[in-house]
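Structure at a glance
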Amino acid sequence: MVKLLLENAQKEGIRFLKTYRENGGYQSLEKALKMAPDNITEEVKVSGLRGRGGAGFPTGLKWSFLAKPENTPRYLVCNADESEPGTFKDRFLMEFIPHLLIEGMIISSYALGSNRSYIYIRGEYAWIVDILRQAIEEAKQNGYLGKNILGSGFDCEIFVHPGAGAYICGEETALLESLEGKRGNPRIKPPFPAVKGLWNCPTVVNNVETIAAVVPIIKMSGAEYAKIGVGRSTGTKLISACGNINKPGVYEIDMTISVEDFIYSDEFCGGIANGKKLKACIPGGSSVPILPANLLLKTAKGETRYMNYESLSDGGFATGSMMGSGGFIVLDEDQCVVKHTYTLAHFYRHESCGQCSPCREGTGWMERILKNIETGKGKMSDIDLLWDIQSKIEGNTICPLGDAAAWPVAAAIRHFRDEFEWHVLNPEESQKRNYGLANYASPLALVS
Amino acid sequence: MVFSEEKMNEVNRLIASYPQGKQKSAILPVLHLAQEVNGGWLSTEAMDYVASLLQLDPIEVYEVATFYSMYNLHPVGKYIFEVCQTGPCMIKGSDDIIAYIKEKLNIGIGETTKDGMFTLKAVECLGACGYAPMMQMGKTYREHLTREKIDQIIESCRSMNN
Amino acid sequence: MSEDLFKVTIDNITIDVPPGTTILQAARKIGGDVTPPAMCYYSKLKDSGGKCRTCLVEVSKGSEKDPRPMPKLVASCRTTVMDGMEVKNITSPKAMEARKGVVEFLLINHPLDCPICDQAGECDLQDLSYGHGNEGSRFEFQKRVFEKHDLGPYIQLHMTRCILCYRCVFVADQLTEKRQHGILDRGERAEIATYISKSLEHDFIGNVIDVCPVGALTDKTFRFKNRVWFTKPVDAHRDCDKCAGLVRLWLRGDEVFRVTVRRDEWGEVINTPEGKPAWICNECRFEKKKESDWIIEGPTHINRHSVIAQGHYEGLKMPNEFLPEVIGKKPRLFLNIHDVSEVNRPGIDLSLIEGPATSDDFENPKND
């Protein structure tokens, strides 16, 4: 399978500039600096690259929205606040091949005209801050950063800004607030960052993987990049797989692989751990709808489901899910969906910034009801109440955290209502056990 | 609390990474430094000091320090076990790890051992879901935790302190 | 239509407004039920709004140029109108349902202790829940409570009642040089506080009381002294070297119980003749509690629907009715009281009857 980002990730010494360059590093930058900035944006447009942070918005289009008023600085900010449960791909990339991100940052900064770019990284990744700062220092010493980069006349500095523990700062306007030294309260949009972003200047915020993908795009051309993958899911995507699988880890896929292959083949997840059966999966980070095994592997139409944007969302929320950030969480037959949903509700309650009322109040309410159901104190009417609360949060909040909190609850009830009911009907047993209905999933044929 | 000359250089370097007049942006990294110097937590005095360094009203610092979960607003132990309890870690047995640490150190979540050595915190997703169960200890992550690993970690902390 | 104006239709009523006007401001120009309620937005405080989500409306047509509807409900206080925009507020079941949800969210942790709350009778949340909420609550958990913080001799903070509208923070930011209080913690534990107990000191800080939509910030010099509907509001002024001195006195007999800013029909501070918000200083608010300190201009005009109107017959304002315009026809009444009762004959103006009404007044109406 083609690898564009992680091909050299496991090579010894790739963390350092010398080895990185020996493996073809910084060639894209040299090429890019000879191009006109707008042509780079054009290449990114042609490549069909979509934002890898979760929303999947076309990156080239986002770049083209950047306002360019005269005498106003523009900023590129890299979103490395990776906090979506199930997602740890950016960490892997930054930890092992930091120069790929730095190279992508310099090329993107050049394309957007940003002379001062920031990497906002979650504070908990403290050792990666050091790795990145070291990589930046190395790049500077070799003339890839600083004044007049490689004689092109382009000046650029990159700074690493650590966060301090707030999931909400992954939302781009909350991230900008945080970068300005404030509480991570998402801004009310419009205006969008492309017009008024960091310190009120036009700003582009892109995910780590998105920026890293610019390097191979420049190297191979947008048109070549677009040939990889299928439909509007072009290029490669990093998937961080976790949960009850034999081989958790970060994998680079080209989006033509089926979900079934991804879970069961030895090249990737290596099947369900301990010989258990697949019960359910959250394919794109904890916010996206959970799918039971049958709907995960096949769409409602009975077609094979693939690991790409379109196929994963086939059927809408009724029978589908989302690609999201690529955080692939697998649950085996022993896992309790109610308990899992409860931990997620706890997470979103804890991470709500508290600005708008549906999220501030609704996330806590959902958590409390889920805790009751999980511990055998729930009522049948609680299930309907939960449904109603999530429907009143969704779409009515300032930022997408409200949706992110509502969707997991909605999907759990949609697909696993009997498990909620089981908890209500078997209060004693649900207090003793961590899980509800074992053997929920229909038995599935393993890929040989 | 005051920063040493070396720390002050660090602060100035941080401030310089933002445009002129935007020193407020340095608040998160400078608070991290203050917490480190102040024994792992932010006292009112420490926050007021940061406010004066960055020319901010103290309330602006309080607002920020109370928002982010990495800042401790009460004294903590020398070693902080921050065990992740979110979904992916939960299904890999984080409950058991937390229960074991509680039992072993005889403290509850959010509490510190009497000797001031260990604090236990249950935290939310740290981005190590594939290496679950896990916890953060200072600047590093301890992953694929088992009871035996917890024993070893506690033992090595104690021996380092002796 | 003037070239410079945008045409916007809200609940089937069309109005021309200048570009840059928000949907809420446009709706306020129309008035009545068409106007979405606002708990956090305050037109005289920059950056306020967008947070409480009570003013969510449906945009069924984006503009003349791009007629697509907006996918989500939008906060009308922070969304500017486009030419040809069509908005649905009370005609949108989706918006009304969402608003009901928001009211419920705002109330689940709000103590329902209106009988002992000083804000009762002039509380925006009370009005909102009466107008848009459900009866009863589905919340079966312990409500959130906060410890009380002392904010000095004049202002009482009762955080448990706060709905985090941020208005008081904007007041401190925009009216004083040094903000001493703010939002601490986050999520459902977020609170208004000073972190270290501190009294708020600034000549204009008392205005936080007037912008607070609920009983979270109240006037210590007035607390528990009287219910607002027993006091009589009059507009008054004095020469003040700090503020414009345009105030509202709340009297009982000759006694001045309370001094507040003068509010307009949206509950916001009025403007001075110079066009600036007539915020008042602490001296006018807290120290001038004698009738002789003031020049009284006359009784305040109060909306007839307000509980404060009870007992006051002077200067009541009949709210405008918009229903016929919204639905495009006269509403059909299920029951016309005049069809079944002789007493309340339409021609009889009760306020013209001297003394208690008797059957004679109805049988031989003087003014029929």
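Residues numbered from 1 in each chain as written. Chains lettered and ligands numbered in written order. Predicted model: local features only at pLDDT ≥ 70, side-chain atom pairs only at ≥ 80, totals over all residues. Heavy atoms only, no water.

**With respect to the overall build of chain B**
- The secondary structure content of chain B amounts to seven helices and four strands.
- In terms of overall dimensions, chain B has a C-alpha envelope of 50 × 35 × 25 Å along the principal axes.
- Within chain B, the fraction of its 162 residues that count as buried is 60%.
- A separation of at least 24 residues holds for 61% of the contacts in chain B among residues at least 6 apart in sequence. (Helix = DSSP H or I, 4+ residues; strand = E, 2+ residues; numbered from the N terminus. Buried < 20%, exposed > 50% of the residue type's maximum accessible area, 1.4 Å probe, protein only. Contact = heavy atoms within 4.5 Å.)

**Section: the overall build of chain C**
- The helix and strand inventory of chain C stands at nine helices and 14 strands.
- If you line up chain C on its principal axes, its C-alpha atoms span 65 × 60 × 50 Å.
- For chain C, the proportion of its 368 residues judged to be buried stands at 51%.
- The contacts in chain C between residues at least 6 apart in sequence include a share of 61% that link residues at least 24 apart.
- The positive charge centre, built from 51 side chains, and the negative charge centre, built from 56, are 5 Å apart in chain C. (Lys, Arg positive; Asp, Glu negative; His and termini not counted. Charge placed at Lys NZ, Arg CZ, Asp CG, Glu CD.)

**Quick notes on empty space enclosed by the protein**
Residues and elements named next belong to chain C.
- This model, assessed by the stated rule, comprises eight cavities of 30 Å³ or more.
- Estimates place the volume of the largest cavity at around 90 Å³.
- Lining the largest cavity, in full, are D118, Q119, E122, I209, D210, L217, T218, D219, F222, R258 and R263.
- Contributions of two or more residues to the lining of the largest cavity are made by α5 (207-211) and β10 (217-219).
- With three residues, the top contributor of residues to the lining of the largest cavity is β10.
- For the lining of the largest cavity, the per-class residue count stands at three nonpolar, two polar and six charged.
- Empty space within the second largest cavity amounts to approximately 80 Å³.
- Looking at the lining of the second largest cavity residue by residue, the classes come out as 13 nonpolar, no polar and no charged. (1 Å grid on protein atoms, 1.4 Å probe; cavity = no way out; pocket = protein on both sides within 12 Å on 5 of 7 lines; lining within 4 Å. Points joined across faces, edges and corners; volume = space filled by probe spheres on them. Nonpolar A, V, L, I, M, F, W, Y, C, P; charged D, E, K, R; others polar.)

**Details of the nonpolar core**
- Formed by 172 residues in total, the largest nonpolar core has its most connected members in L101 and I102 of chain A together with L31 and Y68 of chain B.
- Per-element tally for this core: the top contributor is helix α18 (residues 401-425) of chain A, with 11 residues.
- Beyond its immediate sequence surroundings of up to four residues, L31 of chain B is in contact with L42, M47, V50, V61, V64, A65 and Y71 of chain B. (Core = buried A, V, L, I, M, F, W, Y, C linked by side-chain atoms within 4.5 Å.)

**A closer look at the interface of chain B and chain A**
- In this complex, chain B contributes 41 residues to the contact, which on the side of chain A involves 57 residues.
- The junction of chain B with chain A conceals about 3800 Å² of combined surface from both sides, 60% of it contributed by carbon and sulfur atoms.
- At the boundary of chain B and chain A, one finds three salt bridges.
- Note that E143 of chain B and R91 of chain A form a salt bridge whose closest N and O atoms lie 2.7 Å from each other.
- Of all the secondary-structure elements, those providing two or more residues to the side of chain B that touches chain A are α1 (5-16), α2 (27-37), α4 (58-67) and α5 (87-90) of chain B.
- Here the side of chain B that touches chain A is built from residues that sort into 21 nonpolar, 11 polar and nine charged. (Buried area = accessible area lost by both parts, 1.4 Å probe. Salt bridge = Lys/Arg side-chain N within 4 Å of Asp/Glu carboxyl O.)

**Points about the environment of E351 of chain A**
All names here are of chain A.
- Mapped onto the secondary structure, E351 falls in helix α15 (residues 337-351).
- Sequence-wise, E351 and T341 are 10 residues apart; in three dimensions their C-alpha atoms are separated by 15 Å.
- A distance of 2.9 Å separates a polar atom in the side chain of E351 from a polar atom in the side chain of H350. (Polar contact = N/O pair within 3.5 Å; in protein donor to acceptor, adjacent residues only side chain to side chain.)

**A few points about a nonpolar patch on the surface**
- Together, F334, L335, I337 and V340 of chain C give the surface a local cluster of nonpolar side chains, amounting to about 500 Å² of exposed area.
- As for its placement among the helices and strands, F334 of chain C is situated in the loop between α7 (323-327) and α8 (337-340). (Patch = residues over 30% accessible without salt bridge, like charges linked within 9 Å, V, L, I, M, F, W, Y side chains within 5 Å. Areas by Shrake-Rupley, 256 points an atom, 1.4 Å probe, with all protein chains shown as cover.)

**Quick word on the pattern of salt bridges**
- Applying the stated criterion across every chain yields a total of 63 salt bridges over all chains.
- With a shortest N-O distance of 2.8 Å, K139 of chain B and D130 of chain A are connected by a salt bridge. Within this pair, whereas K139 of chain B is found in the loop between β3 (135-137) and β4 (140-142), its partner D130 of chain A is found in helix α7 (residues 126-141), the two belonging to separate chains.
- Here K139 of chain B falls in the partly exposed class, since its relative accessible area comes to 45%.
- With relative accessibility at 38%, the residue D130 of chain A sits in the partly exposed group.
- The partner of E361 of chain A in a salt bridge is R144 of chain C, and the shortest N-O contact between them spans 2.8 Å. Placement of E361 of chain A in helix α16 (residues 357-374) and of R144 of chain C in the loop between α3 (124-132) and β6 (149-150) is noted, with the two residues assigned to different chains.

**Topic: the packing of aromatic side chains**
- Taken as a whole, this structure holds 35 aromatic pairs over all chains when the rule is applied.
- Ring geometry for F92 of chain A versus F96 of chain A: centroids 4.8 Å apart, planes at 45°, classification tilted. Of this pair, F92 of chain A and F96 of chain A are both found in helix α5 (residues 89-96), four residues apart, which corresponds to roughly one turn of the helix.
- Here W365 of chain A and F139 of chain C contribute two aromatic rings whose centre-to-centre distance is 5.5 Å and whose plane-to-plane angle is 75°, an arrangement assigned as edge-to-face. With W365 of chain A in helix α16 and F139 of chain C in the loop between α3 and β6, this pair bridges two chains. In terms of burial, W365 of chain A and F139 of chain C fall into one category: buried.
- Directly above the aromatic system of Y125 of chain A lies the positively charged group of R122 of chain A, at a separation of 5.5 Å from the ring centroid.
- The ring of W250 of chain C has R258 of chain C sitting right over it, with the charged end atom 4.6 Å from the ring centre. (Phe/Tyr/Trp six-rings, centres within 6.5 Å; stacked < 30°, edge-to-face > 60°. Lys NZ or Arg CZ within 6 Å of the ring centre and 35° of its normal.)

**Quick look at the interface of chain C and chain B**
- Counting residues at the interface gives 13 residues for chain C, matched by 13 residues for chain B.
- Between chain C and chain B lies a buried interface of about 1100 Å² when both sides are counted; carbon and sulfur atoms form 54% of it.
- By the criterion of area lost to chain B, the three top residues of chain C are R179, R186 and Y195 of chain C, representing 52% of everything that side buries.
- Two residues, E63 of chain B and R179 of chain C, come together in a salt bridge whose shortest N-O distance is 2.9 Å.
- At the surface where chain C touches chain B, the tally comes to four residue pairs in polar contact (both at pLDDT 80 or more).
- Top contributing element to the side of chain C that touches chain B by residue count: strand β8 (residues 182-184) of chain C, with three residues.

**Considering the pairing of strand β1 (residues 6-10) of chain C**
Residue and element names in this part refer to chain C.
- Relative to strand β2 (residues 13-17), β1 runs antiparallel, the two sharing five bridges. Following the sheet pairing, T9 is matched in β2 by T14.
- As consecutive antiparallel partners, β1 and β2 are separated by two residues, and within that stretch D11 has a phi angle of approximately 50°, a positive value. (Pairing = 2+ DSSP bridges.)

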